[in-house]
Amino acid sequence: QNTKHKTQNTKHATQNITSRHTQQDTKQDTTLTHTHTHLHAYTEWIRLPIMQAYEARKPSYFATPAVTLVRGLYVACKKLLAMGMPAVFDAHLKTSLAFKEACYSMGLELVATERKHAANTLSAVKFPAGVTKAQLLPKITKRGVIVAGGLHKKIKMTYFRVGHMGLSALDPKRQHMVTVIEAIEGALIECGKNIEKGKALSVYKAYMGGYLKSSL
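Residues numbered from 1 in each chain as written. Predicted model: local features only at pLDDT ≥ 70, side-chain atom pairs only at ≥ 80, totals over all residues. Heavy atoms only, no water.

Focus on the packing of aromatic side chains
So, step 1. Overall, the coordinates contain 1 aromatic pair when judged by the stated rule.
So, step 2. On the numbers, 5.4 Å between centres and 40 degrees between planes, the contact of Phe127 with Phe160 is tilted. Of this pair, Phe127 sits in the loop between β1 (122-126) and α6 (133-141) while Phe160 sits in strand β3 (residues 159-163), placing them 33 residues apart in sequence. Assigned by exposure class, Phe127 and Phe160 land together as buried. (Phe/Tyr/Trp six-rings, centres within 6.5 Å; stacked < 30°, edge-to-face > 60°. Helix = DSSP H or I, 4+ residues; strand = E, 2+ residues; numbered from the N terminus. Buried < 20%, exposed > 50% of the residue type's maximum accessible area, 1.4 Å probe, protein only.)

Remarks on helix α9 (residues 199-208)
So, step 1. Taken together, the buried positions of α9 are occupied by Ala200, Leu201, Val203, Tyr204 and Met208. Down the axis of α9, the buried side of the element spans an arc of 160 degrees, and every buried residue falls inside it.
So, step 2. On the buried face of α9, the contacting elements are α5 (85-105) and α8 (176-190).
So, step 3. Phi for Gly209, located one or two positions after α9, is positive at around 120 degrees. (Arc of directions from axis to C-beta. Contact = heavy atoms within 4.5 Å.)

A short note on the nonpolar core
When a protein is soluble and globular, its nonpolar side chains tend to lie buried together.
So, step 1. Phe99, Leu136, Ile140, Phe160, Val162, Ile184 and Tyr204 are the most contacted members of the largest nonpolar core, which has 31 residues in total.
So, step 2. At the level of elements, α5, α6, β3, α8 and α9 are the ones that each hand at least two residues to this core.
So, step 3. No other element matches the 8 residues that α8 contributes to this core. (Core = buried A, V, L, I, M, F, W, Y, C linked by side-chain atoms within 4.5 Å.)

A short note on the side chain of Thr95
So, step 1. With respect to the helices and strands, the residue Thr95 is situated in helix α5.
So, step 2. Accessibility expressed as a relative area gives 0% for Thr95, which makes it buried.
So, step 3. Every residue in contact with Thr95, bar those within four places of it in the chain, is listed here: His164, Ser168, Ala169, Met177, Tyr204 and Met208.

Some details on the pattern of salt bridges
Between side chains of opposite charge, a pair can form when the charged atoms approach closely.
So, step 1. Tallied over the entire structure, the rule returns 5 salt bridges.
So, step 2. Close ionic contact of Lys142 with Glu190 constitutes a salt bridge, the shortest N to O distance being 2.9 Å. Of this pair, Lys142 sits in the loop between α6 and β2 (148-149) while Glu190 sits in helix α8; the two residues are 48 residues apart in sequence, bridging distant segments of the chain.
So, step 3. According to the relative accessible area criterion, Lys142 is exposed, its value standing at 58%.
So, step 4. Owing to a relative accessible area of 37%, Glu190 belongs among the partly exposed residues under this scheme.
So, step 5. Note that Arg174 and Asp171 form a salt bridge whose closest N and O atoms lie 3.0 Å from each other.
So, step 6. Assessed through its relative accessible area of 27%, Asp171 is described here as partly exposed. (Salt bridge = Lys/Arg side-chain N within 4 Å of Asp/Glu carboxyl O.)

Remarks on the environment of Lys197
So, step 1. If you trace the backbone, Lys197 turns up in the loop between α8 and α9.
So, step 2. Once the C-alpha coordinates of Lys197 and Met106 are considered, the two residues, 91 residues apart in sequence, prove to be 9.3 Å apart.
So, step 3. Those residues in contact with Lys197 that sit more than four places away from it in its chain are Glu185 and Ile189.

Quick notes on the packing of α5 against α8
Helix-helix packing is described using two parameters, namely the angle between the two axes and the distance between the axes.
So, step 1. Running from amino to carboxyl end, α5 crosses α8 at an angle of 15 degrees, the nearest separation of the two axes being 11 Å. Considering the angle they form, α5 stands roughly parallel to α8. Here α5 runs over α8; the crossing is right-handed. Along its contact with α5, which presents Thr95, Phe99 and Ala102, the element α8 presents Met177, Val180, Ile181 and Ile184.
So, step 2. A per-class count over the contact of α5 with α8 returns 6 nonpolar, 1 polar and no charged. (Axes fitted to C-alpha atoms, helices over the stretch in contact; angles between N-to-C directions. Parallel < 35°, antiparallel > 145°, perpendicular 65-115°, else oblique. Left-handed = near helix turned anticlockwise from the far one by under 90°. Nonpolar A, V, L, I, M, F, W, Y, C, P; charged D, E, K, R; others polar.)

Here we look at the confidence of the model for the protein
So, step 1. In this model, the protein carries a mean pLDDT of 81, and residues with pLDDT of at least 70 account for 74%.
So, step 2. Per-element mean pLDDT across the protein ranges from 47 in helix α1 (residues 2-25) up to 97 in β3.
So, step 3. Scored below 50 in pLDDT, residues 2-11 shows 0 contacts in the model against residues more than four places distant or in partner chains.
So, step 4. Confidence drops under pLDDT 50 across residues 13-35; counting only partners more than four residues distant or on other chains, this segment forms 17 contacts. (pLDDT = per-residue confidence, 0-100.)

Overview of the pairing of β3
So, step 1. Two elements, β1 and β3, share 5 bridges in a ladder whose sense is antiparallel. Bridge pairing in β3 links Ser123 to Val162.
So, step 2. Bridge count for β2 against β3 is 2 bridges, and the pairing is antiparallel. What sits directly across from Gly149, in β3, is Phe160. (Pairing = 2+ DSSP bridges.)

Given below as structure tokens:
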């Protein structure tokens with residue numbers, strides 16, 4: 001009985017609070033004008049359509065606010081600005097040119113008709129003659145690297161994509177691109193392509209300054 005009374009009291013208290021704020025809202029615009037505070041204020045939450053739907057016992061969906069992602073974005077932006085955006089852009093350009101030259105040294109071609117049209121953050125690389133997506137990509141994957149297939153619906157089976165941005169470009173000592181190059185090279189050799197082992201990595205290192213070591 002005590003438990004029952006406590007439950008009833010809680011229910012009545014909640015109804016009273018809801019009623020009081022509902023009456024207040026009839027005098028105000030229900031549109032939230034201070035969205036920067038509604039995550040922390042009960043008086044704001046109770047006015048949200050999702051909360052009203054819950055009280056009406058109507059199925060509704062509401063996503064969890066990505067607070068940690070917003071904070072992470074703030075920290076990342078601070079780091080980029082501290083580095084200086086010109087240096088950030090230069091690092092991506094340098095990494096892109098070095099990786100593309102490594103691809104050329106393995107006999108690979110880009111989807112871009114001219115080098116100047118290729119992106120600095122991504123390389124769209126054509127499968128070499130006689131090698132298909134089903135043959136090459138699994139061999140790259142088993143070497144610990146995941147590359148993406150093509151997206152353009154007319155030619156998506158003729159190329160794969162390699163991203164080289166963020167830490168892969170800004171912190172080359174992590175050896176991200178070294179690992180990728182060696183995985184592609186090994187996969188091509190396994191597919192029967194006549195490639196000089198280690199040449200692509202040497203080309204990449206030369207463009208990057210020569211201080212990188214093999215990841216193998």
